[in-house]
Amino acid sequence: KQKQEHEKHEKHETQWKILSTSSSTHSIGFSDIPWPVYGKVKSLEDITPREITAFVFGNRNQTQNRTGTRNQTRALDSSPSRALTEKQTLLTAQLRWHPDRFQRILNKVRVEEKELVQNGVGAVTRCLNDLLDKENQKIRMRSGNQS
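Source: prediction; values computed, not measured. (Residues numbered from 1 in each chain as written. Predicted model: local features only at pLDDT ≥ 70, side-chain atom pairs only at ≥ 80, totals over all residues. Heavy atoms only, no water.)

Concerning the nonpolar core
Part 1 of the reasoning: Counting 27 residues, the largest nonpolar core has Ile 33, Trp 35, Trp 97, Phe 102 and Val 117 as its most contacted members.
Part 2 of the reasoning: At eight residues, the largest contribution of residues to this core is made by helix H6 (residues 114-145). (Core = buried A, V, L, I, M, F, W, Y, C linked by side-chain atoms within 4.5 Å. Buried < 20%, exposed > 50% of the residue type's maximum accessible area, 1.4 Å probe, protein only. Helix = DSSP H or I, 4+ residues; strand = E, 2+ residues; numbered from the N terminus.)

Regarding the pattern of salt bridges
Part 1 of the reasoning: What the rule picks out here adds up to four salt bridges.
Part 2 of the reasoning: Taking the shortest distance from any N to any O, the salt bridge between Arg 96 and Glu 13 comes out at 3.0 Å. In this pair, Arg 96 is assigned in helix H4 (residues 80-97) and Glu 13 in helix H1 (residues 2-21), connecting sequence segments 83 residues apart.
Part 3 of the reasoning: The salt bridge involving Lys 138 is made with Glu 135; its shortest N-O contact spans 3.3 Å. With Lys 138 and Glu 135 both in helix H6, this residue pair falls three residues apart, about one helical turn.
Part 4 of the reasoning: Accessibility expressed as a relative area gives 29% for Lys 138, which makes it partly exposed.
Part 5 of the reasoning: Salt bridges here are not isolated pairs; linked through shared partners, they connect Arg 110, Glu 112 and Glu 113. (Salt bridge = Lys/Arg side-chain N within 4 Å of Asp/Glu carboxyl O.)

What to know about the environment of Pro 99
Part 1 of the reasoning: Tracing the backbone shows Pro 99 in helix H5 (residues 99-106).
Part 2 of the reasoning: Pro 99 sits 19 residues away from Gln 118 along the chain, and the two C-alpha atoms are 8.0 Å apart.

Here's the deal with the packing of aromatic side chains
Part 1 of the reasoning: A complete count under the given rule lists six aromatic pairs for this structure.
Part 2 of the reasoning: Plain terms: the ring middles of Phe 30 and Trp 35 are 5.1 Å apart, the flat faces sit at 40 degrees to each other, and that makes the pair tilted. For the pair formed by Phe 30 and Trp 35, the shared burial category is buried.
Part 3 of the reasoning: Ring geometry for Trp 97 against Phe 102: centres 5.4 Å apart, planes inclined by 15 degrees, an arrangement best described as stacked. As far as burial versus exposure is concerned, Trp 97 and Phe 102 are alike and both buried.
Part 4 of the reasoning: An aromatic cluster is present here, built from Trp 16, Phe 30, Trp 35, Trp 97 and Phe 102 joined pairwise through their rings. (Phe/Tyr/Trp six-rings, centres within 6.5 Å; stacked < 30°, edge-to-face > 60°.)

Nothing here speaks to function; it is all geometry.
Quick look at the structure:
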C-alpha cells in the first residue's frame, strides 16, 4: 500500500508540473486538476477533509480507517520534529492551493467549469487551513508543556 501511495504522490507531482507549465488556455476541466486525494475525483463530494488529510500526510495520519475505527498511528509519534515536518508539509500545500496563486491554473480552466474548480480549490484550502490550525495548536501545547 505504501508503494501505491508513493506512486500516486509521484503521479500527482508530475501532473502538477505539466499543468503549471502548460500554455494552453481554457482547455482544462475539473477532472484534469490533480486534486490532493488518492481516489479519482468526479465531483466536489470526492474532495473531503478525510481524503485530503490522508493524501497530504499519507495513510499514517488518517483519523479513521476505511472501516470507521480510529487509527492511532499518528498519536504514537507526536514528537516536536514530526509536528514541524507536518506543519511544513501543510504550508507547502497551502501555497500550491492558495486561491491567488491558483489563479494561474484557473485561467486555463474551461469557462463552464471555472466555478466548480473554484469550489474545489475552496474546499481544499479550508481543509488545509483547519489542519494547519490544529498543527499550530499542538505545537503551542508542546512548547507550553516543555517549560
